[in-house]
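The chain contents come next:
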Amino acid sequence: MPATLLLGQTLGFKASPFDRPVDEAVEFNPSGAVLIQDGMIRAVGDRAQLQASNPDAANTDYGDGLIMAGFVDAHAHYPQTAMIASWGKRLIDWLNSYTFPEEQRFDDPAYAAKIATRYFDLTAQNGTTTIASYCTIHPESVTAFFTEAQKRGQRVVAGKTCMDRNAPEGLRDTAQSAYDDSKALLSKWHGLDRLSYAITPRFSPTSTPEQLDAMGALWAEHPDCLMQTHLSEQTDEIAWVKKLFPDARDYLDTYERFGLLGRGGIYGHAIHLEPREKDRLRDVDAALIHCPTSNTFIGSGLFDMSGLMSDGHRIGLATDTGGGSSFSMLRTMAAAYEIGQLRGTALHPAQLLWLATQGSARALGMDEKIGNLATGHEADIVVLNLNSTEAISQRNARAADIWESVFPTIMMGDDRAVQDVWIGGRQI
Ligand code: GUN
Ligand code: ZN
């Protein structure tokens with residue numbers, strides 16, 4: 001494959017802007033270039049220099065477009081695509097009223113394939129190149145998701161959602177079938193091309209202790225797989241968990257006691273955590289996923305980004321589509337900023353962009369491969385137009401530096417700001 005040179009403003013990270021001052025953490029070049037070949041980023045540097053050293057490369061000039069790593073959405077439910085923005089319910093009612101009826105449709109492979117295609121179209125339009133998604137209890141829903149991702153050459157994480165209680169007939173498996181189906185899917189898909197399997201018990205209210213135990217056993221057999229679930233999203237949910245597991249020390253313990261706590265564990269929401277839960281999550285270096293548009297939309301609460309970050313937690317950012325109200329990681333960063341403000345911490349634009357790329361990639365254990373504009377990384381790239389609307393453009397015109405320039409797009413941007421997307425070195 002011939003080399004391609006992308007020209008524009010380039011932004012990558014040398015370190016986390018939560019750990020280092022922004023100037024030390026960020027590599028920004030207003031006259032930058034990215035060399036890609038065979039699906040990989042071969043070099044990131046100065047425009048003139050890389051042009052001179054690669055005279056045969058095809059040039060794509062984005063002007064003052066901002067070239068950075070594609071967005072990584074660390075927690076989503078692709079089967080909820082068609083019922084996003086469903087009105088008026090809190091978590092448990094929302095699941096029963098809107099989510100479960102929609103998820104029941106995924107026993108039909110044709111419907112699952114149709115929604116998977118729509119979902120990947122929508123996320124690509126929004127500059128998202130990697131997603132960690134829940135599927136439904138139906139193996140067909142996993143097949144549909146991985147098949148579509150494989151066709152598009154995308155790095156994704158997904159798993160069959162397991163539920164054997166507190167869900168309608170037709171949306172329940174058993175401890176044994178969840179184990180067997182998950183194992184079969186894992187054997188088929190995990191590690192194939194850019195696909196990774198995540199063992200996926202939905203959350204403790206919809207799994208019996210027997211099922212959680214079976215999931216823990218499966219994870220112990222396949223420790224290189226991720227394990228994704230929900231944790232402490234709403235206070236009503238936590239009270240229900242206490243009733244269902246009277247012997248558990250807390251919500252996290254309903255996972256921990258069944259072998260479902262570990263470094264490859266990805267815990268969505270994690271809003272209302274007890275001190276013991278925070279300590280254990282940090283001790284094992286588990287990943288927490290902030291889902292800010294979902295947490296405001298379903299009314300769940302305000303994730304403690306600055307407290308958890310300064311305590312050393314590994315944290316990613318996610319849409320939580322369709323509990324989240326958007327497919328866009330730009331809208332998600334804006335919501336994260338607003339929740340930070342409500343908690344008294346203004347997240348820097350560099351921190352928001354880091355969370356949506358390196359932070360999420362690190363939460364998925366993939367930060368060496370994706371989520372950064374850096375030599376040796378896979379060529380998953382988004383190019384942002386920082387003047388995508390009149391409102392954004394007029395504000396950007398007054399910007400004194402890159403942060404003032406990109407922040408209006410973070411706060412007001414959407415798919416119109418996504419000028420181009422490259423996935424695995426292919427312009428899509
Ligand atoms: N908790 C259990 N299932 C779900 C889900 O589908 N969405 C959200 N937001 N929370 C959950
Ligand atoms: Zn979720």
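The notes below deal with the structure included here. This one's a predicted model, so the numbers in the text were calculated from it and none came from an experiment. (Residues numbered from 1 in each chain as written. Chains lettered and ligands numbered in written order. Predicted model: local features only at pLDDT ≥ 70, side-chain atom pairs only at ≥ 80, totals over all residues. Heavy atoms only, no water.)

1. Details of the side chain of Thr130
Selection rule: Going along the chain from the N terminus, every DSSP run of H or I of four or more residues is numbered as a helix, and every run of E of two or more is numbered as a strand. Pairs of N or O atoms within 3.5 Å make up the polar contacts considered here, provided that, within protein, one atom can donate a hydrogen while the other can accept it, and that residues adjacent in sequence are counted only when both atoms are side-chain atoms. Whether two residues are in contact is decided by their heavy atoms: any pair within 4.5 Å suffices.
Assignment of secondary structure puts Thr130 in strand β6 (residues 128-134). Of the polar contacts made by the side chain of Thr130, one reaches the backbone oxygen of Arg155; its length is 2.9 Å. The contacts of Thr130, once residues within four sequence positions are left out, are Phe71, Val72, Asp73, Gln154, Arg155, Leu364, Ile370 and Asp380.

2. Points about the coordination of the zinc ion (ligand 2)
Threshold: The donor set covers N, O and S atoms within 2.8 Å of the metal, switching to 3.2 Å for Na, K and Ca, and it leaves out water, so a site may look short of donors. Every angle between 85 and 135 degrees makes a four-donor site tetrahedral, while opposite donors more than 155 degrees apart, with all other angles between 65 and 115, make a four-donor site square planar and a six-donor site octahedral; other sites are irregular. Throughout, exposure labels follow a simple rule: accessible area from a 1.4 Å probe, protein chains only, divided by the maximum for the residue type, with under 20% read as buried, over 50% as exposed, and the rest as partly exposed.
Within the protein, His75 (NE2), His77 (NE2), His230 (NE2) and Asp320 (OD) serve as the donor atoms for the zinc ion (ligand 2), at 2.0 to 2.5 Å. In this structure, the zinc ion (ligand 2) is coordinated by four donor atoms arranged in irregular fashion, with angles at the metal of 89 to 164°. Each donor residue of the zinc ion (ligand 2) belongs to the same chain, and together they define the spacing H-x1-H-x152-H-x89-D. Linking His75 in strand β5 (residues 71-77) with Asp320 in the loop between β13 (314-317) and α13 (329-342), this pair joins segments that are 245 residues apart in sequence. Accessibility classification places His75 together with Asp320 in one group, the buried group.

3. Notes on helix α14 (residues 349-363)
Our working definition: Given the number of residues in a helix, its expected span is that number minus one, multiplied by 1.5 Å. Note on bend: at a given residue it equals the angle between the axes fitted to the 7 residues ending there and to the 7 starting there.
For α14, built from 15 residues, the straight-helix expectation of 21 Å at 1.5 Å per residue is met to within 8% by its first-to-last C-alpha distance of 19 Å. For α14, the principal kink sits at Leu355 and spans about 50°. One or two positions beyond α14, positive phi appears at Gly365, with a value near 70°.

4. A look at the site of ligand 1
Under the convention used in this document: Note on terminology: near, applied to a residue and a molecule or strand, indicates that one of the residue's heavy atoms is within 4 Å of it.
For ligand 1, the set of nearby residues contains 13 residues, the closest of which are His77, Gln80, Arg202, Glu233 and Asp320. The separation between a nitrogen atom of ligand 1 and a polar side-chain atom of Arg202 is 2.8 Å. Within the contact set of ligand 1, a nitrogen atom lies 2.7 Å away from a side-chain nitrogen or oxygen of Asp320. Counting residues per element, the shell around ligand 1 draws most heavily on helix α3 (residues 91-103), at three residues.

5. Here's the deal with the packing of helix α4 (residues 109-125) against helix α5 (residues 139-152)
Defined as follows: Here the axes come from fitting lines to C-alpha atoms, over the contacting stretch only for helices, and the angles between their N-to-C directions go from 0 to 180 degrees. Between 65 and 115 degrees an angle is taken as roughly perpendicular, under 35 as roughly parallel, over 145 as roughly antiparallel, and anywhere else as oblique. Two helices that cross are described as forming a left-handed crossing if the nearer one is turned anticlockwise from the farther one by less than a right angle, and a right-handed crossing if clockwise. Ten residues, namely Ala, Val, Leu, Ile, Met, Phe, Trp, Tyr, Cys and Pro, are considered nonpolar, four, namely Asp, Glu, Lys and Arg, are considered charged, and the remaining ones, Gly among them, are considered polar.
Packing of α4 against α5 brings their axes to within 8 Å, and their N-to-C directions diverge by 40°. Considering the angle they form, α4 stands oblique to α5. Like other packed secondary-structure pairs, α4 and α5 cross with a definite hand, here right-handed. Only Glu140, Ser141, Ala144, Phe145, Glu148, Ala149 and Arg152 of α5 make contact with α4, whose side of the interface consists of Pro109, Ala112, Ala113, Ala116, Thr117, Tyr119, Phe120 and Asp121. Here the contact of α4 with α5 is composed, by residue class, of nine nonpolar, two polar and four charged.

6. Focus on the state of the cysteines
Condition: Defined by distance alone, a disulfide is two cysteine sulfur atoms within 2.5 Å.
Scanning all chains against the criterion turns up zero disulfides. The thiol of Cys135 is unpaired, and the distance to the nearest cysteine sulfur, on Cys162, comes to 10 Å. Note on Cys135: relative accessible area 0%, which makes it buried.

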